[in-house]
Amino acid sequence: MGIVVVEICDGSLINEINIEKTLEQDYSEVAVIESSCLSFCGMCAKKPYAIVNGKRIFASTAEECLDKIKVQIEEELAFYA
């Protein structure tokens with residue numbers, strides 16, 4: 001498993017894009033875990049979001065959210081470098 005964990009809800013609007021393939025292809029240190037529920041009731045139906053090493057990342061669009069997730073991944077990887 002990677003040193004950066006990205007958790008996504010299977011009902012999240014982030015699933016409009018293939019986030020798991022994109023992130024795991026771009027970052028070998030990342031593990032994407034899809035859960036049926038991340039206990040942020042209603043958020044998954046309103047905005048694309050994910051949790052990166054315990055930090056909630058959300059945006060208006062899936063693409064914008066992916067960009068923010070990548071920034072957070074870079075910050076996490078810099079911390080472990």
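Parameters at a glance
Residues numbered from 1 in each chain as written. Predicted model: local features only at pLDDT ≥ 70, side-chain atom pairs only at ≥ 80, totals over all residues. Heavy atoms only, no water. Patch = residues over 30% accessible without salt bridge, like charges linked within 9 Å, V, L, I, M, F, W, Y side chains within 5 Å. Areas by Shrake-Rupley, 256 points an atom, 1.4 Å probe, with all protein chains shown as cover. Salt bridge = Lys/Arg side-chain N within 4 Å of Asp/Glu carboxyl O. Lys, Arg positive; Asp, Glu negative; His and termini not counted. Charge placed at Lys NZ, Arg CZ, Asp CG, Glu CD. Helix = DSSP H or I, 4+ residues; strand = E, 2+ residues; numbered from the N terminus. Buried < 20%, exposed > 50% of the residue type's maximum accessible area, 1.4 Å probe, protein only. Pairing = 2+ DSSP bridges. Axes fitted to C-alpha atoms, helices over the stretch in contact; angles between N-to-C directions. Contact = heavy atoms within 4.5 Å. Parallel < 35°, antiparallel > 145°, perpendicular 65-115°, else oblique. Left-handed = near helix turned anticlockwise from the far one by under 90°. Nonpolar A, V, L, I, M, F, W, Y, C, P; charged D, E, K, R; others polar. Core = buried A, V, L, I, M, F, W, Y, C linked by side-chain atoms within 4.5 Å. Expected span 1.5 Å × (residues − 1). Arc of directions from axis to C-beta.

(A) Quick look at a negative patch on the surface. There is a patch of like negative charges on the surface, built from Asp10, Glu20, Glu24 and Glu34. Along the chain, the position of Glu34 falls in strand E2 (residues 30-35). Given a relative accessible area of 44%, Glu34 falls into the partly exposed group.

(B) Broad picture of the sheet that holds strand E3 (residues 49-52). Read across the sheet, four strands follow the order E2-E1-E3-E4 without closing on themselves; strand pairing throughout is mixed. The open sheet terminates on both sides in strands that have one partner only, identified here as E2 and strand E4 (55-58). Going from strand to strand, the sheet's axes swing by 25° on average, the running direction of each strand aside. Relative to E3, strand E1 (residues 4-9) is paired through two bridges, and the arrangement is antiparallel. By the bridge assignment for E3, Val6 is matched with Val52. In this fold helix H1 (residues 19-26) packs onto E1 and E2, with an angle of close to 165° to the strand it touches most, E2. Helix-sheet contacts for helix H3 (residues 62-80) involve E1, E2, E3 and E4, and the interaxial angle to E4 is about 150°.

(C) The packing of H1 against H3, seen in detail. Where H1 meets H3, the axes come as close as 12 Å, and the angle between the chain directions of the two elements is 30°. On the basis of the axis angle, H1 is roughly parallel to H3. The chirality of how H1 crosses H3 is right-handed. Only Leu66, Ile69, Lys70 and Ile73 of H3 make contact with H1, whose side of the interface consists of Ile19, Thr22, Leu23 and Asp26. Grouping the amino acids of the contact of H1 with H3 by side-chain chemistry returns five nonpolar, one polar and two charged.

(D) Structural detail: the nonpolar core. Membership of the largest hydrophobic core comes to 20 residues, with the highest contact counts inside it found for Val6, Leu23, Val30, Ile69 and Ile73. Breaking this core down by element, the ones donating at least two residues are E1, H1, E2, E3 and H3. Top contributing element to this core by residue count: H3, with six residues.

(E) Expanded view of H3. A rise of 1.5 Å per residue sets the reference length of H3, with its 19 residues, at 27 Å; its end C-alpha atoms lie 27 Å apart and thus fit the reference within 8%. Every buried residue of H3 is accounted for by Ala62, Cys65, Leu66, Ile69, Gln72, Ile73, Glu76 and Leu77. Viewed end-on, H3 has its buried residues packed into an arc of 140°, placing them on one side of the element. Residues of H3 that are buried make contact with E1, H1, E2, E3 and E4.

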